[in-house]
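Listed below are the residues making up each chain.
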Amino acid sequence: MATNFKSIPIIDISPLLAKWDDPNMAGDQGVGEVVQQLDQACREAGFFYVKGHGIPDSIIKEVRNVTHKFFSLPYEEKLKIKISPTAGYRGYQRIGENITKGTPDMHEAIDCYREVEPGMFGALSKPLEGQNQWPINPSNLKQLMEEYTSICTDLSRKIMRGIALALGAAADAFEGKRAGDPFWVLRIIGYPKVSHANGHDMPKNDIGCGAHTDYGLLTLVNQDDDITALQVRNKSGEWISAPPIPGTFVCNIGDMLKILSNGLYESTLHRVINSSPKYRVCVAYFYETNFDAAIEPLDICVKRTGGTKKFERAVYGEHLVSKVQTNFVKEDELNS
Ligand SMILES: N=C(N)NCCCC[C@H](N)C(=O)O
Ligand SMILES: O=C(O)CCC(=O)C(=O)O
Ligand SMILES: [Fe+2]
């Protein structure tokens, strides 16, 4: 259950990474300390920073650099990889195209998903079938993002082992049928700088991304290191900033982990407001369960929360598809 946290904890996960594959990891003192910190962060905020993750700073920065380059291209250029339902909802969306709780978000983005081959999960995965649409410019964007995705997948799998232990489950609780073959989402996002019409601050809407929760297990946020824009809601409704801390990722838990933990951990509401005079980018990687996993509270978590299941079983792929299909639908279309 979220608390009235005022800041977001920083966790050095290097002891966990050193032992993630060791059958005796649960008994290791260093791992134990990381697990305890993960548990506290997930209970109190649902958000934490990780350092000691081992991913070279050069890759993290290059990912943001190419993102800046792509978004600075002319509009016609970006539209060459335009998102559409027939492209499996993959590709470029212009500012205001993504909608959160009925309001257009002031961001542009490239949405990428793990490849879904025709018929892979039957009707369930049909809307997302297709391959990612990559721009020709910057020429290294595709290769870099693919490499980055695979690095983030490995890192997330290891962090999830720590989170499994934090819940009192076996280290491999999120492998096998739950998340042994994890789905992933990558969002390459750009938030325009605050606009100054007629010398006044008159942004059409200042919300870069409206309040939402993420859909899966764990999100890794790689944000520009000089702009504070991401905000996280605490229990009393205050918005707590998650300022960039160089060398770290901001991590947060998603809806599937809320269900698995039977509410011991919550997927915390967050939003983005870029009120700086600079264009901001963020590359958000989402580590998810297996696409067709039927997710329900873990027995150990049900026990620890009084013996009653608080959530119905949910199929991750259904949750994702229903979100994706409404993210681009305008209010008037919804009501008609
Ligand atoms: N895959 C994830 N988590 N994407 C986050 C986007 C959140 C905004 C979206 N319009 C929404 O309302 O969910
Ligand atoms: O831009 C950010 O810092 C976070 C973006 C986000 O929350 C999302 O895309 O789900
Ligand atoms: Fe998010």
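As a convention, each chain's residues are numbered from 1 in the sequence order in which they are written. Chain labels run from A onward and ligand labels from 1 onward, assigned in the order the entries are written. Given that the model is predicted, a residue must reach a pLDDT of at least 70 before its local features are reported, and side-chain atom pairs must reach 80 or more before they are shown or counted; all residues, however, enter totals for whole chains, interfaces and linings. Remark: hydrogens and water are excluded; side-chain values derive from all non-hydrogen atoms of the structure.

Per an unreviewed UniProt entry, the protein goes by the name Fe2OG dioxygenase domain-containing protein and belongs to Rhododendron simsii. UniProt positions are given in the numbering used here, feature names are shortened, and annotations may be inferred rather than shown by experiment. What UniProt records for the protein under Subcellular location (unreviewed entry) is the sentence "Cytoplasm, Cytosol". Under the UniProt heading Sequence similarities (unreviewed entry), the note attached to the protein is "Belongs to the iron/ascorbate-dependent oxidoreductase family."

Engineer: Break down the overall build of the protein for me, citing the residues and quoting the values.
Structural biologist: For the purposes of this entry, the term helix denotes a DSSP run of H or I that reaches at least four residues, the term strand denotes a run of E that reaches at least two, and both are numbered from the N terminus. The helix and strand inventory of the protein stands at 10 helices and 18 strands. What you see for the protein is a C-alpha radius of gyration of 19 Å, in line with the 20 Å of a compact globule of 336 residues. For the C-alpha atoms alone, the extent of the protein along its principal axes is close to 60 × 45 × 40 Å. Accessibility here uses a 1.4 Å probe with only protein chains present; expressed as a share of the type maximum, an area under 20% marks a residue as buried, one over 50% as exposed, and anything in between as partly exposed. Looking at the protein residue by residue over its 336 residues, the buried ones come to 53%. To be clear on the numbers: accessible area is Shrake-Rupley with a 1.4 Å probe, and residue cover counts the displayed protein chains and nothing else. Working note: accessible area of the protein is about 14700 Å², and carbon and sulfur atoms make up 51% of it. The positive count covers Lys and Arg only, the negative count covers Asp and Glu only, and His and the chain ends enter neither. All charge positions are set by atom: Lys at NZ, Arg at CZ, Asp at CG, Glu at CD. Distance from the positive charge centre (37 side chains) to the negative charge centre (42 side chains) of the protein: 2 Å. Radius of gyration here is computed from C-alpha atoms only, and the compact-globule reference equals 2.2 Å multiplied by the residue count raised to the power 0.38.

Engineer: So what's going on with the site of ligand 1? Residues and values would help.
Structural biologist: Whether a residue is near a molecule or strand depends on its heavy atoms: it is near if one of them lies within 4 Å of it. Surrounding ligand 1, one finds Asn98, Ile99, Thr100, Asp105, Arg187, Cys209, His212, Asp214, Tyr215, Phe286 and Asn327. Expressed as a share of its isolated accessible area of 360 Å², the protein-covered part of ligand 1 is 92%. Mapping ligand 1 onto the cavity grids shows that it belongs to the largest pocket. Polarity classes work like this: nonpolar for Ala, Val, Leu, Ile, Met, Phe, Trp, Tyr, Cys and Pro, charged for Asp, Glu, Lys and Arg, and polar for all others, with Gly in that last group. Looking at the shell around ligand 1 residue by residue, the classes come out as 4 nonpolar, 4 polar and 3 charged. For cavity detection a 1 Å grid was placed over the protein atoms alone, and a set of points counts as a cavity when a 1.4 Å probe fits there but cannot get out; an open set counts as a pocket when protein lies on both sides within 12 Å along at least five of seven lines, with lining residues being those that have an atom within 4 Å of a point. For this analysis, a molecule is said to be in a pocket or cavity if more than half of its atoms are within 2 Å of the grid points defining it.

Engineer: Which residues make up the sheet that holds strand β13 (residues 239-241), and what values do they have?
Structural biologist: Strands were regarded as paired on the criterion that DSSP finds at least two bridges between them. With respect to topology, 4 strands assemble into an open sheet ordered β10-β15-β12-β13, the strand pairing being antiparallel. With one partner strand each, in any of the chains shown, β10 (209-212) and β13 form the two edges of the open sheet. In this sheet, neighbouring strand axes are inclined to one another by 25° on average, regardless of whether the strands run parallel or antiparallel. Every axis corresponds to a line fitted to the C-alpha atoms, with the helix fit spanning only the stretch in contact, and the corresponding angles, defined between N-to-C directions, vary from 0 to 180 degrees.

Engineer: Go over helix α2 (residues 29-44) with me, naming the residues and quoting the values.
Structural biologist: Here α2 is 16 residues long and its end C-alpha atoms lie 23 Å apart, about the 22 Å a rise of 1.5 Å per residue gives. Taken together, the buried positions of α2 are occupied by Val31, Val34, Val35, Leu38, Asp39, Ala41 and Cys42. Next to the buried residues of α2 lie β1 (10-12), α1 (14-19), β2 (47-51), α5 (141-166) and β14 (249-253). We define a polar contact as two N or O atoms separated by no more than 3.5 Å, with the added condition that, inside protein, one atom must be a possible hydrogen donor and the other a possible acceptor, whereas residues neighbouring each other in sequence contribute only through side-chain atom pairs. Put simply, Asp28 is the residue that caps the front of α2, since its side-chain oxygen is 3.0 Å from the backbone nitrogen of Gly30. Helix span is expected to be 1.5 Å times the residue number reduced by one. Any pair of residues with heavy atoms lying within 4.5 Å of one another is described as a contacting pair.

Engineer: Tell me about the site of ligand 2, residues and numbers included.
Structural biologist: Every residue close to ligand 2 is listed here: Arg187, Ile189, Tyr191, His212, Asp214, Val221, Leu230, His270, Val272, Arg280, Cys282 and Phe286. Contact distances for ligand 2 include 3.1 Å between an oxygen atom and a side-chain N or O atom of His270. Here an oxygen atom of ligand 2 sits 2.8 Å away from a polar atom, N or O, in the side chain of Arg280. Burial of ligand 2 by the protein chains amounts to 97% of its free accessible area of 300 Å². The cavity where ligand 2 resides is the largest pocket.

Engineer: Tell me about the layout of surface pockets, and please be specific about residues and values.
Structural biologist: Empty space within the largest pocket amounts to approximately 650 Å³. Taken together, 39 residues line the largest pocket, and the ones lying closest to its centre are Thr100, Cys209, His212, Tyr215 and Asn327. Considering each element in turn, the lining of the largest pocket owes the most residues, 5 residues, to helix α9 (residues 316-327). The residue makeup of the lining of the largest pocket, split by class, is 20 nonpolar, 11 polar and 8 charged. Grid points are joined across faces, edges and corners, and a volume is the space filled by probe spheres set on the points. Taken as a whole, the second largest pocket holds about 230 Å³ of empty space. Grouping the amino acids of the lining of the second largest pocket by side-chain chemistry returns 7 nonpolar, 3 polar and 4 charged.

Engineer: Now, about the coordination of the iron ion (ligand 3): what can you tell me, with residues and values included?
Structural biologist: Only nitrogen, oxygen and sulfur atoms qualify as donors, and only when within 2.8 Å of the metal (3.2 Å in the case of Na, K and Ca); with water excluded, sites may look incomplete. Taken together, the protein donors to the iron ion (ligand 3) comprise His212 (NE2), Asp214 (OD) and His270 (NE2), at separations of 2.1 to 2.3 Å. Here the donor residues for the iron ion (ligand 3) map to a single chain with the spacing H-x1-D-x55-H. Of this pair, His212 sits in strand β10 while His270 sits in strand β15 (residues 270-272), and the two are 58 residues apart along the sequence. Classification of His270 by relative accessible area gives buried; the value is 6%.

Engineer: Lay out the pattern of salt bridges with the relevant residues and their values.
Structural biologist: For this document, the term salt bridge refers to a Lys or Arg side-chain nitrogen within 4 Å of an Asp or Glu carboxyl oxygen. Tallied over the entire structure, the rule returns 18 salt bridges. Between Asp226 and Lys278 there is a salt bridge; the shortest N-O distance is 2.6 Å. Of the two residues, Asp226 is situated in the loop between β11 (218-223) and β12 (230-233) and Lys278 in the loop between β15 and β16 (280-287); the sequence distance between them amounts to 52 residues. We classify Lys278 as partly exposed; its relative accessible area is 44%. Taking the shortest distance from any N to any O, the salt bridge between Lys309 and Glu296 comes out at 3.2 Å. Taken as a pair, Lys309 in the loop between α8 (299-304) and β18 (314-315) and Glu296 in the loop between β17 (294-295) and α8 lie far apart in primary sequence, 13 residues in all. Residues joined in a network through salt bridges with shared partners are Arg64, Asp224 and Asp225.

Engineer: Outline the packing of aromatic side chains, listing residues and values.
Structural biologist: Each aromatic ring pair is described using two quantities: the centre-to-centre distance and the angle formed by the ring planes. Pairing of aromatic side chains requires ring centres within 6.5 Å, counting the rings of Phe and Tyr and the six-membered ring of Trp. Pairs whose planes differ by under 30 degrees are stacked, by over 60 edge-to-face, and all others tilted. In total, this model carries 9 aromatic pairs according to the counting rule given. On the basis of an interplanar angle of 40° and a centroid distance of 6.2 Å, the ring pair of Phe71 and Tyr279 is categorised as tilted. Note that Phe71 is positioned in helix α3 (residues 57-71) and Tyr279 in the loop between β15 and β16, a separation of 208 residues in sequence. Taking relative accessible area as the criterion, Tyr279 reaches 23% and is therefore assigned partly exposed. Consider the rings of Phe183 and Tyr316, whose centres lie 6.2 Å apart with planes at 50°: the pair is tilted. One end of the pair, Phe183, is in the loop between α6 (176-179) and β7 (184-191); the other, Tyr316, is in helix α9, with 133 residues separating them in the sequence. We note that Phe183, like Tyr316, is buried. Three or more aromatic residues link up through ring pairs in this structure, and these residues are Tyr113, Phe121, Phe183, Phe291 and Tyr316.

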